[in-house]
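# Reading the structure
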Amino acid sequence: LSTRLVGDLDLQGLLGLADVPAGYRQIRIEMDIRATNATDAQLDELLRVAQAHSPVCNTVCRPVPVEIVRAPR
């Protein structure tokens, strides 16, 4: 099982060229499941279990407090 995040963003916001958010508009979590002799139904169930217990999905899919601080010198 591997996880990859793919997202869509507006580069105009990132570069400060337009008054649009600089962040992602959508994020997709692609979970690549490698299993031998598994049916599509079994793979779908494994995906549901992985989603429920994935730290990546858990962090991205729910609000998480973010603190921005200046790094020490």
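In this text, all values refer to a predicted model and were calculated from it rather than measured experimentally.

Scoring rules and cut-offs
Going along each chain's sequence as written, the residues are numbered from 1 onward. In keeping with the predicted nature of the model, local features appear solely for residues at pLDDT of at least 70, side-chain atom pairs appear and are counted solely at 80 or more, and the whole-chain, interface and lining totals rest on all residues. Water and hydrogen atoms play no part in the side-chain values, which are based on all heavy atoms of the structure. Every helix listed is a DSSP run of H or I at least four residues long, and every strand listed is a run of E at least two residues long, numbered separately from the N terminus. Both definitions apply: the radius of gyration is a C-alpha atom measure, and the globule rule equals 2.2 Å times residues to the power 0.38. Contacts: residue pairs with any heavy atoms within 4.5 Å of one another. Counted as positive: Lys and Arg. Counted as negative: Asp and Glu. His and the chain ends are not counted at all. The atoms used to mark charge sites are NZ of Lys, CZ of Arg, CG of Asp and CD of Glu. For patches, a residue must show more than 30% relative accessible area and have no salt bridge; joins then use 9 Å for like charges and 5 Å for nonpolar side chains, namely Val, Leu, Ile, Met, Phe, Trp and Tyr. All accessible areas in this document rest on Shrake-Rupley with a 1.4 Å probe, and a residue is counted as covered only by the protein chains that are shown. Salt bridges are identified by distance alone: a Lys or Arg side-chain nitrogen within 4 Å of an Asp or Glu carboxyl oxygen. Exposure categories follow from relative accessible area, calculated using a 1.4 Å probe and restricted to protein chains: below 20% of the type maximum is buried, above 50% is exposed, and the middle band is partly exposed. As used in this structure description, the phrase polar contact means that two N or O atoms lie within 3.5 Å; if the pair is within protein, one of them must be able to donate a hydrogen and the other to accept it, and residues adjacent in sequence are counted only when both atoms belong to side chains.

Of regular secondary structure, the protein chain possesses 3 helices and 2 strands. Taken from N to C terminus, the helices and strands of the protein chain fall in the order β-α-β-α-α. For a compact globule of 73 residues, the expected C-alpha radius of gyration is about 11 Å, and the protein chain comes in at 17 Å, more than 25% above that figure. For the protein chain, the spread of C-alpha atoms along the three principal axes comes to 50 × 30 × 20 Å. A separation threshold of at least 6 residues defines the contact pool for the protein chain, and within that pool the share at least 24 residues apart is 41%. Mean positive and mean negative side-chain charge positions of the protein chain (8 and 9 charges, respectively) differ by 9 Å.

A few words now on a nonpolar patch on the surface. A grouping of Leu5, Tyr24, Ile27, Val56 and Val60 is seen on the molecular surface, where their side chains present a nonpolar patch of about 420 Å² in accessible area. Taken together, the elements giving at least two residues each to the nonpolar patch come down to strand E2 (24–32) and helix H3 (55–61). Positionally, Leu5 belongs in strand E1 (residues 2–9).

For the rest of this paragraph, the subject is the pattern of salt bridges. All told, the structure shown has 4 salt bridges when counted by the stated rule. Where Asp32 meets Arg34, a salt bridge forms, and the shortest distance between an N and an O atom there is 3.0 Å. In this structure Arg34 comes out as exposed when scored by relative accessible area, which is 68%. The partner of Arg48 in a salt bridge is Glu45, and the shortest N-O contact between them spans 3.1 Å. With Arg48 and Glu45 both in helix H2 (residues 40–53) and 3 residues apart, this pair spans about one turn of that helix.

Right, let's talk about the environment of Leu43 for a bit. With respect to the helices and strands, Leu43 occurs in helix H2. Its relative accessible area of 23% is what places Leu43 among the partly exposed residues. With sequence-adjacent residues up to four places away left out, Leu43 is seen in contact with Ile33, Ala35 and Ala38.

With that settled, consider the environment of Ala52. Looking at the element boundaries, Ala52 is found in helix H2. Through-space distance from the C-alpha of Ala52 to that of Leu9 is 26 Å; in sequence the pair is 43 residues apart.

Another aspect to go through is the side chain of Ser54. Its place among the elements puts Ser54 in the loop between H2 and H3. Of note is the side chain of Ser54, whose polar atom sits 3.1 Å from the backbone nitrogen of Cys57.

Coordinates in, geometry out; function isn't part of it.
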